[in-house]
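The lines below spell out each chain.
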Amino acid sequence: MGRVGVAEDGPGGETQAAWACQSVPSGHSKNASWSSPKIGLYRAKETRFAGKVREMARMLRVKTDLQHVVISAGFAEHSDTTDDGSENSVKSILFDDPGFWKPLVEALNVMTPVVALLRLMDGEAPSMGKIVPRMNEIYDHLMKSTVVWKERALKIHKDRTEYLLSPMHHAGYALDPEFIDHDMHENTQDGLIIVTERLCLRDAMLSMQSTPREMEAARSLTIESPEVASRAGNAMEQLSLYQARDGAFSKSYVKDSAKRMAPGAWWATYGKHLPSLASVACSVLAQPVCASACERNWSIYGQIKRANRTRLRHHVADKLVFCHEALHMRKNLSKASAKQNAVKWDSDTDSDDSDDAEDFR
């Protein structure tokens, strides 16, 4: 389908909406003197969840124009009085506002936060501490919704939460400076303790690698060892100072910068007076949240080692993949304004960012 316009008379007497449904290039019109570019309908692939959400959002944005394709605006508001005294408008009869558009809006209110979470996880920005609050946001939207599939969606959310969230996600949430004012729940506290103990064990083992005897002693360390327990205890003591906004954390501009800076960079800048906790925070918040980068690499690998190149050895394919990425990086770095932008999993060409950020309530 082409573009959808408003219901006005166009060339030849046909309505602009009907005429605009013909194939018109994006951003252009057949007669600029009476027609202006309009947002076109969007058709997503069947396997694209985010694309389907954008498809529904686009339908909602051109709702009035779609209705004007069928009848005029004046006739749509015409109403008749029934035997029981109630009024039935032509618009409600033909377009079934309660039966189609209202469920569409409710579905968008639920699914839009899900799309935001998926894109956050697929991006390259450090987002280990953002996953837990986004999952909570999805839960809040589900609880407020009145969709008929609410109970099923809540069960799916519960299963996905148990499958997705790990102690590392909870630790990231506790240490992300953007959420310093949030209360720490039991799961978040347990996850932070588990991750802190493991990272302190790692640091203790790395600090004992200078001599063969120390290396042998490092292999016998556990989270119950005095050296590890001391490190973990120091980190948790410093956590209380962080939550109380001790030192530089009490300044308003420090809190505001947490929304603009990467979490790891924020800790490296303002957390020097809490070295043990800052070390844990930088390690946690720098972790990738999903395997999207690996999957993109596998995609390049599949393009290189195709069915007609089955005799290509693995180590040769690995080098070709490395050369492929290195050449692209060198080409981009040769441009002064180039940026390393990851290809999103929802890479449909006809995109409109305003669809994703729109409030459908």
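Structure shown above.
Residues numbered from 1 in each chain as written. Predicted model: local features only at pLDDT ≥ 70, side-chain atom pairs only at ≥ 80, totals over all residues. Heavy atoms only, no water.

**Observations concerning the packing of helix H9 (residues 167-175) against helix H15 (residues 275-285)**
- The interhelical angle for the contact between H9 and H15, taken along N-to-C directions, is 125 degrees, at an axis separation of 9 Å. Relative to H15, the element H9 lies oblique. The two elements H9 and H15 meet at a crossing, and its hand is left-handed. Residue-level inspection shows Met168, Ala171, Gly172 and Leu175 of H9 in contact with H15, the latter providing Leu277, Val280, Ala281, Val284 and Leu285. (Axes fitted to C-alpha atoms, helices over the stretch in contact; angles between N-to-C directions. Helix = DSSP H or I, 4+ residues; strand = E, 2+ residues; numbered from the N terminus. Parallel < 35°, antiparallel > 145°, perpendicular 65-115°, else oblique. Left-handed = near helix turned anticlockwise from the far one by under 90°. Contact = heavy atoms within 4.5 Å.)

**Let's talk about the packing of aromatic side chains**
- Taken as a whole and judged by the stated rule, the model has 7 aromatic pairs.
- Measuring from ring centre to ring centre gives 5.3 Å for Phe249 and Trp266, while their planes differ by 15 degrees; the resulting arrangement is stacked. Of the two residues, Phe249 is situated in the loop between helix H12 (226-243) and helix H13 (252-257) and Trp266 in helix H14 (residues 263-270); the sequence distance between them amounts to 17 residues. We note that Phe249, like Trp266, is buried.
- Clustering of aromatic rings is evident, with ring pairs tying together Tyr242, Phe249, Trp266, Trp267 and Tyr270. (Phe/Tyr/Trp six-rings, centres within 6.5 Å; stacked < 30°, edge-to-face > 60°. Buried < 20%, exposed > 50% of the residue type's maximum accessible area, 1.4 Å probe, protein only.)

**Structural notes on the pattern of salt bridges**
- Across all of its chains, the model carries 8 salt bridges by this definition.
- As a salt-bridge pair, Lys52 and Glu55 come within 3.6 Å of each other at their nearest N and O atoms. Taken as a pair, Lys52 and Glu55 lie in helix H2 (residues 49-61) at a separation of 3 residues, close to a single helical turn.
- Relative accessible area serves as the criterion here: at 16%, Glu55 is assigned to the buried category.
- What you see here is one network of salt bridges that share partners, running through Lys130, Asp176 and Glu178. (Salt bridge = Lys/Arg side-chain N within 4 Å of Asp/Glu carboxyl O.)

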